Amino acid sequence: EKSPPNAVISRFLQALYNAGRNETSIGLQTKFLFVTRHPIANTYAHQSVLEGVYDVPFAKLMDNYVQLHRYLTTDLPYLENHPLLIKLEDFAANPLVELQKIFSWLGVDNSPETVQDILQNGLGEDILADPNAKYRKRWCGGAGGTNGIRQEIIARKYQPLINELGLGYELEDWCSDS
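Residues numbered from 1 in each chain as written. Predicted model: local features only at pLDDT ≥ 70, side-chain atom pairs only at ≥ 80, totals over all residues. Heavy atoms only, no water.

Novice: Could you clarify how one ought to interpret the overall build of the protein in this entry?
Specialist: Tallying secondary structure elements over the protein gives 9 helices and 2 strands in all. In the protein, the succession of α and β elements from N to C terminus is α-α-β-α-α-β-α-α-α-α-α. Of all 178 residues assigned to the protein, the portion counted as buried reaches 36%. Residue pairs at least 24 apart in sequence account for 62% of intrachain contacts in the protein once pairs closer than 6 positions are excluded. As presented, the protein carries roughly 10,600 Å² of accessible surface, and 53% of it is formed by carbon and sulfur atoms. (Helix = DSSP H or I, 4+ residues; strand = E, 2+ residues; numbered from the N terminus. Buried < 20%, exposed > 50% of the residue type's maximum accessible area, 1.4 Å probe, protein only. Contact = heavy atoms within 4.5 Å. Areas by Shrake-Rupley, 256 points an atom, 1.4 Å probe, with all protein chains shown as cover.)

Written out as structure tokens, the structure is:
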């Protein structure tokens, strides 16, 4: 999701970069790590990037989120090298564990010492423990917040779709997560 076009064309990218390769002889070139984000935070983040350039309605961005993840979940069984799907929120809350999981998946040193060194010295910036805090505040009634009726309408419409995707995000209870 971090690069939505890559999620939509992952099977094409796999075919392109693995052309003439196989797992046993040469080794496959591609590995896909997909990072998801809470749908409401994702929608607000896209709105903030588009602000002043395009006025895209909230519902349209939510529709795009759902459709992108439908493509992704449809493609996952066809991707080789066991693609990895992680939540941004899980990574931010426990970067050591999540980075160890990623390193293990990549087949590189995932020892706590190595991962801790990367986290302390290799990133160049701090990881926010709650990257969605400002969007949750906005949604839950902070400055410029979303009113309760609108929240309920959006949650009722999109929660079943989010559930079908199996991403494990809650819309109705997001305000109580803080």
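Novice: It is not clear to me how unusual backbone geometry should be interpreted in this structure. Could you clarify?
Specialist: Negative phi values dominate among residues other than glycine, just as trans dominates among peptide bonds. Phi at Asn-81 takes a positive value of approximately 65°, unusual for a residue other than glycine. By secondary structure assignment, the location of Asn-81 is in the loop between α4 (58–75) and β2 (84–87).

Novice: Sorry, what's going on with the packing of helix α6 (residues 95–106) against helix α7 (residues 112–122) here?
Specialist: Think of two packed helices as two axes; the pair is described by the angle between the axes and how far apart they sit. Where α6 meets α7, the axes come as close as 10 Å, and the angle between the chain directions of the two elements is 115°. Considering the angle they form, α6 stands roughly perpendicular to α7. Crossing angle aside, the handedness with which α6 passes α7 is right-handed. On the side of α6, the interface is formed by Pro-95, Leu-96, Leu-99, Gln-100 and Phe-103, while α7 contributes Pro-112, Thr-114, Val-115, Gln-116, Ile-118 and Leu-119. In the contact of α6 with α7, the residues fall into 8 nonpolar, 3 polar and no charged. (Axes fitted to C-alpha atoms, helices over the stretch in contact; angles between N-to-C directions. Parallel < 35°, antiparallel > 145°, perpendicular 65-115°, else oblique. Left-handed = near helix turned anticlockwise from the far one by under 90°. Nonpolar A, V, L, I, M, F, W, Y, C, P; charged D, E, K, R; others polar.)

Novice: Would you take a moment to explain the pairing of β2 for this structure?
Specialist: Working note: regular strand, side chains alternate between the two faces of the sheet. Covered by surrounding structure in β2 are Leu-84 and Ile-86 only, the residues Leu-85 and Lys-87 on the alternate face being uncovered. Pairing analysis gives 4 bridges linking strand β1 (residues 33–36) to β2, with the strands arranged parallel. Within β2, the residue paired with Leu-33 across the bridge is Leu-84. (Pairing = 2+ DSSP bridges.)

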